[in-house]
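# Coordinate inspection notes
Now for the letters of each chain:
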Amino acid sequence: MKRIMIAAMLLCTTWVMAQEKIEYLPFGDLDSWAVRYIKESGLIGGATKPLYMIGPVDTVYANKPYPIKGGSPWGTGNAYAKVMGVEKVSCNVTPEKRGNGFCARLETVLTVVTAIGIDMKAVAGGSLFTGQLSDPMTSEGTKNPAKAINMGMKFTKRPKALMLDYKTKISTSGELMQAAASTKVKKLQGRDEAEIILFLQHRWEDETGRIFAYRVGTASEHIAQSTADWVNNHRIDVRYGDISANAKKWEQLTDKRFMAKNSKGKMVYVEEVGYKADVEPTHLIVQMSSGSREPFTGCPGDVLWVDNIRLVY
């Protein structure tokens, strides 16, 4: 009888797995990368630096904006900034060889820029997300990165899980750094964690241009430890409807976290007003970051590698 029960359980498990459908998000294999080479202003050294983007393979755009339309839905924290005439490149998401293809390396870095003999320092985590970063980024975006990101992609499906391969290198020093284009670096007690989130939203816009949303589905995970090797086919289940009873702080509804461009072409906050499972999603937010602290705070040297970003149905 016991053998019969075990056989029946194995058969049932096989049947369930056979019913699942796994789909890559566009460019989710992370094997396709574009690169721009941008010459920084002479005031800060005048170096020519690469700016990597997930897009058509081996495409080079020399000091020209990357053509988003019809291309990749992915944005990164890699930024070309032009503030008061000074052009600067920040690149902490890069392709890295993995097997016969590539993965994305997301790293928290401490950048030092020297201008007229003064060292300005900034801490930034590596981030990959569905959306577009302003190009070039203005002073407003450099002060508040959310204002430079048109977050999310149009999406109407209802996946049961997010699936990906990942590995991490997370510091255990217990010390964080904070610097936002400052001459000094503030040291804080604490640790950082890598972050992976998926939010399904049903959005609408009112007559004034404000964007509201119901949270339809939520999947998220923070990773606090380094991994010895790749964790392949890792699944994070999507929970539909009201998750407030068991929501982590980074999963809760928000009105000041993400921004999007409204029908008037203006960037406004996406104001989540509640949970609602029985409506069709209109937008998908997927974000992966080497850190999860507030902007300009983290642990330089922390790394999150990701590959093969898929959805399970």
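Before reading on, note that the structure itself is shown above.
Our subject in this report is the structure included herewith. For clarity, every value in this text was computed on a predicted model and none was experimentally measured. (Residues numbered from 1 in each chain as written. Predicted model: local features only at pLDDT ≥ 70, side-chain atom pairs only at ≥ 80, totals over all residues. Heavy atoms only, no water.)

## Details of the overall build of the protein
Per the secondary structure count, the protein includes 2 helices and 27 strands. For the protein, the computed accessible surface area is about 15900 Å², with 55% contributed by carbon and sulfur atoms. (Helix = DSSP H or I, 4+ residues; strand = E, 2+ residues; numbered from the N terminus. Areas by Shrake-Rupley, 256 points an atom, 1.4 Å probe, with all protein chains shown as cover.)

## Notes on the nonpolar core
Formed by 32 residues in total, the largest nonpolar core has its most connected members in Leu198, Leu284, Met288 and Val306. Elements with a minimum of two residues in this core: strand 9 (101-107), strand 15 (161-169), strand 19 (194-205), strand 20 (211-223), strand 25 (283-289) and strand 27 (303-312). Ignoring anything within four residues of it in the chain, the contact list for Leu284 reads Leu25, Thr130, Gly152, Met153, Phe155, Leu198, Phe199, Leu200 and Leu311. (Core = buried A, V, L, I, M, F, W, Y, C linked by side-chain atoms within 4.5 Å. Buried < 20%, exposed > 50% of the residue type's maximum accessible area, 1.4 Å probe, protein only. Contact = heavy atoms within 4.5 Å.)

## Quick word on the side chain of Arg98
Positionally, Arg98 belongs in strand 8 (residues 93-98). There is a polar contact of 2.8 Å between the side chain of Arg98 and the side chain of Asn232. Apart from residues lying up to four places away in sequence, Arg98 is in contact with Cys103, Asp165, Trp230, Asn232, Asp307 and Asn308. (Polar contact = N/O pair within 3.5 Å; in protein donor to acceptor, adjacent residues only side chain to side chain.)

## A word on the side chain of His283
For His283, the position within the fold is in strand 25. A distance of 2.9 Å separates a polar atom in the side chain of His283 from a polar atom in the side chain of Thr282. Residues within four places of His283 in sequence aside, it is in contact with Met153, Lys154, Phe155, Phe199, Leu200, Gln201 and Arg203.

## Examining the environment of Ser220
By the element assignment, Ser220 lies in strand 20. Taking the relative accessible area as the measure of exposure, Ser220 reaches 13% and is therefore buried. Spatially, the C-alpha atom of Ser220 lies 9.7 Å from that of Met288, the residues being 68 residues apart in sequence. Setting aside residues no more than four positions away along its own chain, Ser220 makes contact with Ile196, Ile197, Ile236, Arg239, Trp250 and Glu251. A polar contact is formed between the side chain of Ser220 and the side chain of Trp250, at a distance of 3.0 Å.

## Digging into the pattern of salt bridges
Counted by the stated rule, this structure contains 16 salt bridges. Here Glu40 and Lys49 are joined by a salt bridge, their closest N and O atoms 3.4 Å apart. Owing to a relative accessible area of 4%, Glu40 belongs among the buried residues under this scheme. With its nearest N and O atoms 3.0 Å apart, the salt bridge here joins Asp165 to Arg98. Here the residue Asp165 occupies a position in strand 15, and Arg98 occupies one in strand 8, the gap between them amounting to 67 residues. (Salt bridge = Lys/Arg side-chain N within 4 Å of Asp/Glu carboxyl O.)

## Remarks on the sheet that holds strand 18 (residues 186-189)
Pairing between sheet strands relies on hydrogen bonds along the backbone, with the strands arranged either parallel or antiparallel. Within the open sheet, the 3 strands sit side by side as 18-16-26. Their pairing is antiparallel. Lying at the two open borders of the sheet, with one neighbouring strand each, are strand 18 and strand 26 (297-298). Pairing analysis gives 2 bridges linking strand 16 (residues 175-178) to strand 26, with the strands arranged antiparallel. From the neighbouring strand, Gln178 faces strand 26, where its bridge partner is Thr297. (Pairing = 2+ DSSP bridges.)

## Quick look at the environment of Met53
With respect to the element layout, Met53 can be found in strand 3 (residues 48-54). For Met53, a relative accessible area of 11% gives the class buried. In this structure the C-alpha to C-alpha distance between Met53 and Arg36, which are 17 residues apart in sequence, comes to 8.2 Å.

## Comments concerning the packing of aromatic side chains
Following the criterion strictly, the structure yields 3 aromatic pairs and no others. Centre to centre, the rings of Trp204 and Tyr214 are 5.0 Å apart; their planes meet at 45 degrees, and the pair counts as tilted. Here Tyr214 lies in strand 20 and Trp204 lies in strand 19, a separation of 10 residues in the sequence. In this structure Trp204 comes out as partly exposed when scored by relative accessible area, which is 32%. (Phe/Tyr/Trp six-rings, centres within 6.5 Å; stacked < 30°, edge-to-face > 60°.)

## Quick notes on the pairing of strand 12 (residues 127-133)
Counting buried residues in strand 12 gives 6 out of 7 residues, a clear majority hidden from the surface. Bridging between strand 12 and strand 25 involves 3 bridges; their strand directions are antiparallel. Counterpart to Leu128 in the pairing with strand 25 is Met288. As paired strands, strand 12 and strand 13 (residues 149-151) are joined by 3 bridges and run antiparallel to one another. Looking at the pairing, Leu133 lines up with Ile149 of strand 13.

## Observations concerning unusual backbone geometry
Positioned with a positive phi, Asn233 is a non-glycine residue whose angle comes to about 55 degrees. Tracing the backbone through its elements, the reader meets Asn233 in strand 21 (residues 231-237). With a phi angle near 50 degrees, Asn308 is a residue other than glycine that sits in the positive phi range. The residue Asn308 is located in strand 27 in this model. Classification of Asn308 by relative accessible area gives buried; the value is 16%.

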